[in-house]
Amino acid sequence: MAERVLEALKVVYDPEIPFNIVDLGLIYELNINEKGEVKVKMTVTSPGCPVGPWLLDEVRNACLSVPGITKVDVDLVFDPPWTPEMMSEEAHKMLGI
Amino acid sequence: MNRARLQLAASLVFMILALILGIFRLMNIHSIDAYPSFLAVLYPLHPNIMVFGFLVPIIMTERMVGSKILNLSRIYNLSADLMVPLTIFGLVLQIVSFLTDIRLLNTLGGVLIVFALLLFILLLYALSIKTDTKLPFYFMILSILPILGFAILWIDSMYISGIAEVLLLLLFPIIFIFGERVELTRFVSKKYSLSAYRSVFILCGFVTALTLVSAIYTTEHLALYLVFSVLMFISFVLIYSEQRNFIRASKSALPLQRYVGRHVTVAYLWLIAGCVFGLMYASGFPGFMYDALIHSFTVGYIGTMLLAHGPVILPSVTGRKVDQSKVTLLPLILLTLSNLIRVFGDISLSQSIQNIISFASGVSGWFILVAIVIFLRSLLFSARA
């Protein structure tokens, strides 16, 4: 189930960044209980980023699109702070960094 | 209607008002006498309305929205809630003062605007302590200093008499947008780009200080050379960094990301054009170089950047999702063509084509209004809850 939720989250993009939030490394933790309730611990690339609220809504909607998921709780954290090293290998390659 | 939508609506009303004031003024300059007298009276406040009625509130609103998902303490949340109403109320008092000649209202309005700007700095400070990457926030805080200086220095008089004062107002959106670009691209940048961004910040600080001193002591000539040269250098650094590391990585990007990339590139080209006209103006070059530089900075750079970021920011502000397929390049094309005509009219010296160019330039402002209406319509009416 966690894999399916993670796959669903790969359709969520920060509108200005050409990588989905999973490849960007914004998803820190994903926990699903037997009732289908998801707890997502995530961050954003910059605190106070205006697209933040929209991004959280998109994460909720993406999780709920997976059959069997009944409730989504998104926890926005800044510890540990997000760094570019958290991006996927593919993202690093594309950017040449 | 929630707070963010209300603030957005208010700032759009001021933008349309400022735009109409500018359009009629432009027609008037080009001998098309159609300025309604009640609008002509307000024209001297055109820059104030555009900056304190539109740009400042809309930028404050986007940051307010972003801050609401963070667990900020009560004082910071209160700052976020108060800064836009105080700015708009301050501006309204200044407009009433201008129309009624009650000077106390102007001073009171100025004090409210200064207080609102200090609250904005406080909010940005609160955001900066949430991250180790503080540079974008330093840019944003720095961008407020020129307009804070403007609001303090001219608290008793709203008239703008020199280019240094206009530059103070312009530096706010220019440096704030630099900050937003650094915020967005810093993590995909190579080490030398990050060093370049730090240099850009120092240069922006230098430009701000120089413009303030220049505005106070009205020693504009040399200052202008330096300001425009530095801004041009910064533009090249940002273009180089972004094109290399970010826009180029957007080959497989979504339509909205490509849309933003194209707008940002056009915006930087206008910024460079504005700097070139600025240097020509400072050199005493013939033609209306001052008008050309103002139009390049305001309509070209700032206007295009606003078109770029509208579809990105709007969903968070309105709570409604934008249909990406409805976001078109038409407003960008109209805005760019209109501004090209306008700038060509400013710099054109040939008498044989002067009449045609003058007429085209005079009515070109309406195309900008059409571009804005199409842009807003495509965003607001394609949005869905």
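These numbers were taken from a predicted model, which means no experiment stands behind them.

**Q** What exactly am I supposed to notice about the overall build of chain A here?
**A** Secondary structure assignment for chain A yields 3 helices and 3 strands. In chain A, the order of α-helices and β-strands from amino to carboxyl end is α-β-β-α-β-α. Here the C-alpha radius of gyration of chain A, 13 Å, is about what a compact globule of 97 residues would show, namely 13 Å. Dimensions along the principal axes, computed over C-alpha positions, put chain A at roughly 40 × 25 × 25 Å. A buried classification covers 56% of the 97 residues belonging to chain A. Within chain A, residue pairs in contact and separated by at least 24 positions form 61% of the contacts whose partners lie at least 6 positions apart. Counting only carbon and sulfur atoms, one obtains 49% of the accessible surface of chain A, whose full area is about 4,500 Å².

**Q** Please clarify how the overall build of chain B should be interpreted in this entry.
**A** Across its full length, chain B carries 13 helices and 0 strands. Considering chain B as a whole, with its 385 residues, one finds that 59% of them fall into the buried category. Look at the contacts in chain B between residues 6 or more apart in sequence, and 79% of them connect residues 24 or more apart. For chain B, the exposed surface amounts to about 15,700 Å²; the carbon and sulfur share of it is 70%.

**Q** What is the right way to read the sheet that holds strand 3 (residues 71-76) of chain A from this model?
**A** Whenever strands of a sheet pair, they do so through backbone hydrogen bonds, lying parallel or antiparallel. Residue and element names in this part refer to chain A. With mixed pairing, the 3 strands of this open sheet are ordered in space as 1-2-3. At either end of the open sheet lies a strand with only one pairing partner, and these are strand 1 (27-32) and strand 3. Between one strand axis and the next, the sheet turns by 15° as a mean value, whatever way the strands run. Two elements, strand 2 (residues 37-42) and strand 3, share 6 bridges in a ladder whose sense is parallel. Of the residues in strand 3, the one forming a bridge with Val40 is Val74. Across the sheet, helix 2 (residues 52-64) touches strand 2 and strand 3, and the angle it forms with strand 3 is around 150°.

**Q** Explanation requested: the nonpolar core in the structure shown.
**A** One broad trend across soluble globular proteins is that nonpolar side chains are buried collectively. Membership of the largest hydrophobic core comes to 168 residues, with the highest contact counts inside it found for A:Leu9, B:Phe52, B:Phe178, B:Phe297 and B:Tyr301. The biggest single contributor to this core is helix 7 (residues 163-185) of chain B, with 16 residues. Excluding its chain neighbours within four sequence positions, the residues that come into contact with B:Tyr301 are B:Ile174, B:Ile177, B:Phe178, B:Ala267, B:Tyr268, B:Trp270, B:Leu271 and B:Ser296.

**Q** Which parts of the structure should I look at to understand the environment of A:Leu64?
**A** Residue and element names in this part refer to chain A. Its place among the elements puts Leu64 in helix 2. For Leu64 and Val5, which are 59 residues apart along the polypeptide, the C-alpha to C-alpha distance reads 8.7 Å. Setting aside chain neighbours within four positions, we find Leu64 in contact with Ile69, Thr70, Lys71 and Val72.

**Q** Explain the interface of chain B and chain A here, please?
**A** It is common to report an interface's size as the accessible area lost on association of the parts. Each partner contributes residues to the interface: chain B has 36 residues there, and chain A has 29 residues. For the pair chain B and chain A, the summed buried area comes to about 2,800 Å², and 67% of that belongs to carbon and sulfur atoms. One can count 2 residue pairs in polar contact (both at pLDDT 80 or more) joining chain B with chain A. Every element with two or more residues in the side of chain B that touches chain A is listed here: helix 3 (46-67), helix 7, helix 9 (220-247), helix 10 (255-282) and helix 11 (289-318) of chain B.

**Q** Please explain the packing of helix 10 of chain B against helix 12 (residues 330-347) of chain B as it appears in this structure.
**A** In a pair of packed helices, the angle between the axes and the distance between the axes together describe the arrangement. Residues and elements named next belong to chain B. Helix 12 packs onto helix 10 with a crossing angle of 10° between their chain directions and a minimal axis gap of 12 Å. For the element pair helix 10 / helix 12, the angle class is roughly parallel. Each of His263, Val266, Trp270 and Phe277 in helix 10 lies in contact with helix 12, whose residues at this interface are Leu332, Thr336, Asn339, Leu340, Val343 and Ile347. The residue makeup of the contact of helix 10 with helix 12, split by class, is 7 nonpolar, 3 polar and no charged.

**Q** It is not clear to me how empty space enclosed by the protein should be interpreted in this structure. Could you clarify?
**A** To find leftover empty space, a probe the size of one water molecule is rolled over the atoms. As enumerated under the stated definition, the model contains 4 cavities of 30 Å³ or more in all. Taken together, 18 residues line the largest cavity, and the ones lying closest to its centre are A:Glu16, A:Cys49, A:Pro50, B:Glu183 and B:Leu184. Elements with a minimum of two residues in the lining of the largest cavity: helix 3, helix 7 and helix 11 of chain B. Top contributing element to the lining of the largest cavity by residue count: helix 7 of chain B, with 4 residues.

**Q** Help me understand the environment of B:Gly303 in this model?
**A** Residues and elements named next belong to chain B. Note that Gly303 resides in helix 11. We classify Gly303 as buried; its relative accessible area is 16%. For Gly303 and Ile372, which are 69 residues apart along the polypeptide, the C-alpha to C-alpha distance reads 9.4 Å. Not counting the four nearest positions on each side in its chain, Gly303 is found in contact with Thr298 and Leu335.

About the thresholds
Residues numbered from 1 in each chain as written. Chains lettered and ligands numbered in written order. Predicted model: local features only at pLDDT ≥ 70, side-chain atom pairs only at ≥ 80, totals over all residues. Heavy atoms only, no water. Helix = DSSP H or I, 4+ residues; strand = E, 2+ residues; numbered from the N terminus. Rg over C-alpha atoms; globule rule 2.2 N^0.38 Å. Buried < 20%, exposed > 50% of the residue type's maximum accessible area, 1.4 Å probe, protein only. Contact = heavy atoms within 4.5 Å. Areas by Shrake-Rupley, 256 points an atom, 1.4 Å probe, with all protein chains shown as cover. Pairing = 2+ DSSP bridges. Axes fitted to C-alpha atoms, helices over the stretch in contact; angles between N-to-C directions. Core = buried A, V, L, I, M, F, W, Y, C linked by side-chain atoms within 4.5 Å. Buried area = accessible area lost by both parts, 1.4 Å probe. Polar contact = N/O pair within 3.5 Å; in protein donor to acceptor, adjacent residues only side chain to side chain. Parallel < 35°, antiparallel > 145°, perpendicular 65-115°, else oblique. Nonpolar A, V, L, I, M, F, W, Y, C, P; charged D, E, K, R; others polar. 1 Å grid on protein atoms, 1.4 Å probe; cavity = no way out; pocket = protein on both sides within 12 Å on 5 of 7 lines; lining within 4 Å. Points joined across faces, edges and corners; volume = space filled by probe spheres on them.

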